Amino acid sequence: MAENAPEPASSSSPPDGSSTPPRGSGHDSGPAAGRFRALLREARVWDTGDGGGTSFPAFDPASTPESPLPLFYEWFADAAASGQAEPHAMTLATADADGRPDARTVMLHDADACGWHFATHSTSRKGRHLAANPYASLTFYWNARARAVRLRGPVVPAYASETSADLHARSTGALAAALAGRQSDVLDSRDTLARAYDAAWQRARRDPEAEATTWTGYVVTPDEAEFFQGDAHRQHVRLRYRRGTTDSDVWTKDLLWP
Ligand SMILES: Cc1cc2nc3c(=O)[nH]c(=O)nc-3n(C[C@H](O)[C@H](O)[C@H](O)COP(=O)(O)O)c2cc1C
């Protein structure tokens, strides 16, 4: 732990010796918490039991490409081929104007020389974060192969024409959801949502080329990418790529302690 890191919150006693435990600490000994902890202790990662589960592919960091994109393509194809559900689901972490982090799941729409693409509403919480602080982190976790990928870098909005073409190549439901808008606003009732979605579905069916004004593509151009390969004996491999500061096409690779 870093020298100046705050003390961890203890589950049994307040770290500052005061009688009031900080928010988030305190030991709940009720039956629900007990059942939860028993389940937590039983939970396993990378269960390779008879029912299939995780396999550990060989990964030799010495024979990896010079930049992360080809390796991402390779690992993505491998995850999809191994039956990993929704390999394109990723965690998107952003930070607000004060640097406070937040994270949620979004879908990957593309990955190319420009970066990793996703789409959302510019007016949502994450959209507001990105306007104030155009930097993000993405993580993928493919448990079928004990693999994770982690990227971080600046974010720019995609061209409106690209976002529009991408949206209109998707399903009517995707267009209807984008047309409904108001993502992350407080919802006064489920009825309001049902009415708004009915109207959005009708519009999407009537006008498949309708534009969703706040729906925006974003591109994360990583300056760091990490590939994590889990190992049955916990000698996990972590390969990090860092983009060059003088030549942005040149990447440095390092192994990291797991
Ligand atoms: C599997 C999955 C995929 C999702 N994909 C997207 C997406 O591509 N774009 C999006 O705006 N929200 C997506 N969501 C919803 C987000 O997780 C989130 O609830 C929403 O975008 C609001 O986030 P915000 O309040 O931080 O802006 C997805 C949720 C799940 C569970």
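Numbers given to residues run from 1 along each chain, matching the order in which its sequence is written. Two thresholds apply to this predicted model, a pLDDT of at least 70 for residue-level local features and 80 or more for giving and counting side-chain atom pairs, whereas whole-chain, interface and lining totals are computed over all residues. The side-chain values count all of the structure's non-hydrogen atoms but skip hydrogen atoms and water molecules.

Caption draft 1: Representation of the overall build of the chain. Secondary structure assignment for the chain yields six helices and 10 strands. To sort residues, take the accessible area from a 1.4 Å probe on protein chains only and compare it with the maximum for the residue type: under 20% means buried, over 50% means exposed, and anything in between is partly exposed. The buried share among the 258 residues of the chain stands at 32%. Taking the intrachain contacts of the chain between residues at least 6 apart in sequence as the baseline, contacts between residues at least 24 apart amount to 60%. The accessible surface values rely on the Shrake-Rupley method and a 1.4 Å probe; as for residues, cover is taken only from the protein chains in view. Per element, the accessible surface of the chain, about 16,200 Å² overall, is 52% carbon and sulfur. For the purposes of this entry, the term helix denotes a DSSP run of H or I that reaches at least four residues, the term strand denotes a run of E that reaches at least two, and both are numbered from the N terminus. Note on contacts: a residue pair qualifies if any of its non-hydrogen atoms lie within 4.5 Å across the two residues.

Caption draft 2: Fine view of helix H1 (residues 31-42). In a helix, the anticipated span is given by 1.5 Å times the number of residues less one. In this model, H1 (12 residues) spans 17 Å end to end at C-alpha, consistent with the 16 Å of a helix rising 1.5 Å per residue. The buried count for H1 comes to one of 12 residues, which makes it a mostly uncovered element.

Caption draft 3: Spatial organisation of the nonpolar core. Nonpolar cores are built from buried Ala, Val, Leu, Ile, Met, Phe, Trp, Tyr and Cys residues. Side-chain atoms within 4.5 Å join them into one set. Within the largest apolar cluster, 28 residues are counted, with the highest numbers of intra-cluster contacts made by Phe-72, Trp-116, Phe-118, Phe-140, Val-149 and Phe-227. Listing elements by their share of this core, those giving two or more residues are helix H2 (68-81), strand E1 (89-95), strand E4 (115-121), strand E5 (135-142), strand E6 (147-157), strand E7 (215-220), strand E8 (224-229) and strand E9 (237-243). Among the elements that take part in this core, H2 stands out by supplying five residues, more than any other. When neighbours within four sequence positions are excluded, Phe-227 is seen to be in contact with Pro-68, Leu-71, Phe-72, Trp-75, Ala-148, Val-149, Val-237, Arg-238, Leu-239 and Tyr-241. Core analysis: the second largest hydrophobic core is formed by 12 residues, Ala-200, Ala-210, Ala-212 and Trp-215 among them.

Caption draft 4: Fine view of the pattern of salt bridges. When a carboxyl oxygen of Asp or Glu is within 4 Å of a side-chain nitrogen of Lys or Arg, the pair counts as a salt bridge. Considering all chains together, one arrives at 14 salt bridges under this definition. In this structure, Arg-147 and Asp-78 form a salt bridge, with 3.3 Å as the shortest nitrogen-oxygen distance. Here Arg-147 is found in strand E6, whereas its partner Asp-78 is found in helix H2, with 69 residues between them in sequence. According to the relative accessible area criterion, Asp-78 is partly exposed, its value standing at 22%. One salt-bridge network, in which partners are shared between bridges, spans Asp-78, Arg-145 and Arg-147.

Caption draft 5: Structural view of the confidence of the model for the chain. What pLDDT conveys is the predictor's confidence in a given residue, as a value from 0 to 100. Looking at the chain as a whole, the pLDDT averages 91, with 88% of positions reaching at least 70. Ignoring residues within four places in sequence, the model shows residues 1-5, a span with pLDDT below 50, making two contacts including any to other chains. Below pLDDT 50 for its whole length, residues 10-15 participates in 10 contacts with residues either more than four positions away or in separate chains.

Caption draft 6: Inspection of the pairing of E4 at higher detail. The buried fraction of E4 amounts to seven of the seven residues, a majority that puts the element mostly inside the structure. A strand pair is defined by DSSP finding two or more bridges across the two strands. By the bridge criterion, three bridges tie strand E3 (residues 110-112) to E4 in an arrangement that is antiparallel. Within E4, the position partnered with Ala-111 by the bridge is Trp-116. Connecting the antiparallel pair E3 and E4 is a turn made up of two residues. Strand direction decides the pairing type here: E4 and E7, joined by six bridges, are antiparallel. Bridge assignment links Phe-118 to a residue of E7, and that residue is Tyr-218.

Caption draft 7: Up close: the site of the ligand. Arg-104, Thr-105, Val-106, Met-107, Ala-119, Thr-120, Ser-124, Arg-125, Lys-126, Gln-183 and Ser-184 make up every residue found near the ligand. Within the contact set of the ligand, a nitrogen atom lies 3.0 Å away from a backbone nitrogen or oxygen of Ala-119. Between the ligand and the protein, one listed contact pairs an oxygen atom with a backbone N or O atom of Arg-125 at 3.2 Å. In isolation the ligand has 620 Å² of accessible area, and contact with the protein removes 65% of it. Contributing elements (two or more residues each) for the shell around the ligand: strand E2 (101-107), E4 and helix H3 (125-132). For the shell around the ligand, the leading source of residues is E2, giving four residues. A breakdown of the residues in the shell around the ligand according to their chemical character gives three nonpolar, five polar and three charged. What makes a residue near a molecule or strand is one non-hydrogen atom of that residue sitting within 4 Å of it. Here a polar contact is taken to be a pair of N or O atoms separated by no more than 3.5 Å, where protein atoms must pair a possible hydrogen donor with a possible acceptor and residues adjacent in sequence count only if both atoms sit in side chains. Ten residue types, Ala, Val, Leu, Ile, Met, Phe, Trp, Tyr, Cys and Pro, are classed as nonpolar, four, Asp, Glu, Lys and Arg, as charged, and the remainder, Gly among them, as polar.

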